[in-house]
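# Architecture at a glance
These are the residues of each chain, in order.
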Amino acid sequence: MEPKRVATQPFTDQRPGTSGLRKRVRVFEQPNYLENFVQAIFDTQKGLAGGVLVVGGDGRYYNRTATQTILRMAAANRVAKVLVGRGGILSTPAASCVIRKYRTGGGIVLSASHNPGGPDADFGIKFNVAAGGPAPESVTEAIYARTREIGAYFTVDSPEIDLDRLGTSTLGGMTVEVIDPVADYADLMASLFDFPAIHQLFNSGLFRMRFDAMHAVTGPYAIEILENRIGAEPGTVINGEPLEDFGGGHPDPNLAHAQELVAMTQGTDGLDFAAASDGDGDRNMILGKNFFVTPSDSLAVLAANAHQAPGYKDGIVGVARSMPTSQAADRVAEQLGIECYETPTGWKFFGNLLDAGRITLCGEESFGTGSDHVREKDGLWAVLFWLNLLAARKQSVKDIVHEHWRRFGRNFYTRHDYEGVDAKAAADLVDHLRILLPELPGKRLGAYQVEYADDFAYVDPVDGSRSDRQGVRIGFEGGSRVVFRLSGTGTEGATLRVYIEAYESDPVKHDQDPQTALQPLILIARELAQIEARLGRAEPDVIT
Ligand code: G16
């Protein structure tokens, strides 16, 4: 079967964002759109020819079509073998696990993560390198540059591969192995966490939990791990059947989009523990009875208690958080005497630190937590870590977090999102803030004294690469901060994110509602950025 050369024209909008190329399905369905991007991957990642490639996605609408296209193009581009998840499915952390376990040359992950799915919603594609993580900026920029000059792509004429049957077949000289998408990942989880202890917790009769898979990819993973392997009662996993449109929902595990689950934890009869994951299985939300754990606190609590889980029993070497994530983890690192790194938003920035053995745990405010076990954030991993902790400490979620605050102080935290705003107005707003920066240090805003104000820049300590303009930070004396940046994952207009944080050491004040505790800073942020005047929005669309 000879490769076929198909002439094409470049598209101008294929620069990957925070996490790969995310667009409306309709955009991907344009003739040659997906093909151009995939060919740009093969043209720039020369090592894939003759090597092994992993392909899988979150099962959203267009996943199967794209998988078949990629398989044909991989054959034409002389890839020796593709490992593809059954049904074209691999959660993002499972893809990372498989890429690493079988020492492959990398993977193509099909996902628009927490964005809605369906013919009128979103699709996405990203390339993960051999270490298992999202390609660093040097690679994504090279892929983008190639898409700007591409003149042809290569494919083969062949019937569709049967993606639903496990086993091996050939496609134009390339081997295609359809693998169980769950098994390798479930084995990895069993090696990290104390499944028998979690089993006892489930069996104690005193513990009730639900895991909400939000009709996204984690359903089969959660059923296999929680119910089949650990022995949680059937029905512990809810919304466990993956659907191409996620049942019409927004598969984003937060207080706004997982309301059904949040409600189950409320009241005296509320669940003891509830958790959810997102479209592609890399995000997590952790809830206790009448209690929400912010992702920033979750990272800090896991860092402080890592030794309780078998996979981390020797402790952790370092921790990293994205810049807008609260500084709760920094306080833990300080007490543990380990390094804490502050990186730009985007999981790809943790890759070098993990590869170099400088950190064990990392996390982001955007419901992402992970470790060196893979090179993606990992939703179910975080849930299992919390379950392991609950089993080991025999305390409630709320008690564990309150005890943590008493020991380290509390970083009150919230994120306010202004979604789908005019892109030019949002860019102007950030530019306006940049202009204000030099005159802010030393100024008083309300009760707060500005200590520093800058546009965050990051120099990777491992390879020296530099990333500029990663978000406007205004830091106040005492550790409070407001941060402004534009989302890099949206597909319509722009989304302004405002991150607000205040530190409180006094336990008497730890019970306050974050929105109340942070109100003065929220108002300062709105005024400084002239949000209502510039965006025409008095209130944010989503508060997390
Ligand atoms: C992606 C990235 C994360 C980032 C998040 C939000 O997550 O992997 O690192 O924190 O987007 O990014 P932004 O603020 O630019 O929208 P996911 O789960 O969407 O892949």
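All values reported here derive from a predicted model rather than from experimental measurement.

Our next topic: the site of the ligand. Residues in close proximity to the ligand total 19 residues, the closest being Glu 364, Ser 487, Gly 488, Thr 489 and Arg 497. Between the ligand and His 114, the relevant distance is 3.0 Å, taken from an oxygen atom to a side-chain nitrogen or oxygen of the residue. Within the backbone of Trp 347, a nitrogen or oxygen atom sits 3.0 Å from an oxygen atom of the ligand. Contact with the protein chains hides 99% of the accessible area of the ligand, taken as 460 Å² for the molecule alone.

Our focus in this paragraph is helix 17 (residues 519-529). Among all positions of helix 17, only Leu 521, Ile 522, Ile 524, Ala 525, Arg 526, Leu 528 and Ala 529 are buried. Gln 530 sits one or two residues past helix 17 and shows a positive phi near 50°.

Here we have seven strands laid out as an open sheet, ordered 2-6-5-3-4-9-8, and mixed in their pairing. Among the strands making up the open sheet, the edge pair consists of strand 2 (21-24) and strand 8 (167-171). Looking at each pair of strands side by side, their axes are set apart by 20° on average, direction ignored. Of the strand pairs in this sheet, strand 8 and strand 9 (residues 174-179) are connected by five bridges, and their pairing is antiparallel. Its bridge partner being in strand 9, Gly 167 is matched across the sheet by Val 178. Across the sheet, helix 3 (residues 63-76) touches strand 3 (52-57), strand 4 (81-89), strand 5 (107-110), strand 6 (122-128), strand 8 and strand 9, and the angle it forms with strand 4 is around 170°.

What follows is about the sheet that holds strand 11 (residues 237-238). Strand order in the open sheet formed by five strands is 11-10-12-13-14, with mixed pairing between adjacent strands. In this open sheet, the two edge strands, each paired with only one partner strand, are strand 11 and strand 14 (291-293). Here two bridges tie strand 10 (residues 209-212) to strand 11, and the two strands are oriented parallel to one another. Looking at strand 11, one finds that Phe 211 is bridged to Val 237. Contacts from helix 14 (residues 397-408) reach strand 12 (273-277), strand 13 (284-288) and strand 14, with the element oriented near 55° to strand 14.

By size, the foremost hydrophobic cluster in this structure holds 73 residues, and its most contacted members are Phe 273, Leu 361, Trp 381, Trp 386 and Leu 387. Formed jointly, this core draws a minimum of three residues from each of two domains, domain 1 (4-180) and domain 2 (185-408). When sequence neighbours within four positions are dropped, the list of residues in contact with Phe 273 reads Phe 207, Arg 208, Met 209, Arg 210, Ile 286, Leu 287, Val 383, Trp 386, Leu 387, Leu 390 and Val 397. Ala 66, Val 84, Val 156 and Val 178 belong to the second largest nonpolar core, which has 42 residues in total.

A few words now on the environment of Val 383. Looking at the element boundaries, Val 383 is found in helix 13 (residues 379-393). Separated by 110 residues in sequence, Val 383 and Phe 273 place their C-alpha atoms 9.7 Å apart.

Turning to the domain arrangement of the protein, a few remarks are in order. Domains assigned within the protein are domain 1 (4-180), domain 2 (185-408) and domain 3 (410-543). Taking only C-alpha atoms into account, the centre of domain 1 sits 35 Å from that of domain 3. On the side of domain 3, six residues touch domain 1, which itself brings nine residues to the contact. Summed over both sides, the interface of domain 1 with domain 3 buries roughly 600 Å², with 39% coming from carbon and sulfur. Contact with domain 3 buries area across many residues of domain 1, yet Thr 18, Arg 22 and Arg 24 alone supply 58% of it, more than any other trio. Across the contact surface, domain 1 and domain 3 share one salt bridge. Across the salt bridge formed by Arg 24 and Glu 492, the nearest N and O atoms sit 3.8 Å from each other. Linking domain 1 with domain 3 are two residue pairs in polar contact (both at pLDDT 80 or more). Residue classes in the side of domain 1 that touches domain 3 are distributed as no nonpolar, four polar and five charged.

Conventions we followed
- Residues numbered from 1 in each chain as written.
- Predicted model: local features only at pLDDT ≥ 70, side-chain atom pairs only at ≥ 80, totals over all residues.
- Heavy atoms only, no water.
- Near = heavy atom within 4 Å.
- Polar contact = N/O pair within 3.5 Å; in protein donor to acceptor, adjacent residues only side chain to side chain.
- Areas by Shrake-Rupley, 256 points an atom, 1.4 Å probe, with all protein chains shown as cover.
- Buried < 20%, exposed > 50% of the residue type's maximum accessible area, 1.4 Å probe, protein only.
- Helix = DSSP H or I, 4+ residues; strand = E, 2+ residues; numbered from the N terminus.
- Pairing = 2+ DSSP bridges.
- Axes fitted to C-alpha atoms, helices over the stretch in contact; angles between N-to-C directions.
- Contact = heavy atoms within 4.5 Å.
- Core = buried A, V, L, I, M, F, W, Y, C linked by side-chain atoms within 4.5 Å.
- Domains from an automatic or database assignment.
- Buried area = accessible area lost by both parts, 1.4 Å probe.
- Salt bridge = Lys/Arg side-chain N within 4 Å of Asp/Glu carboxyl O.
- Nonpolar A, V, L, I, M, F, W, Y, C, P; charged D, E, K, R; others polar.

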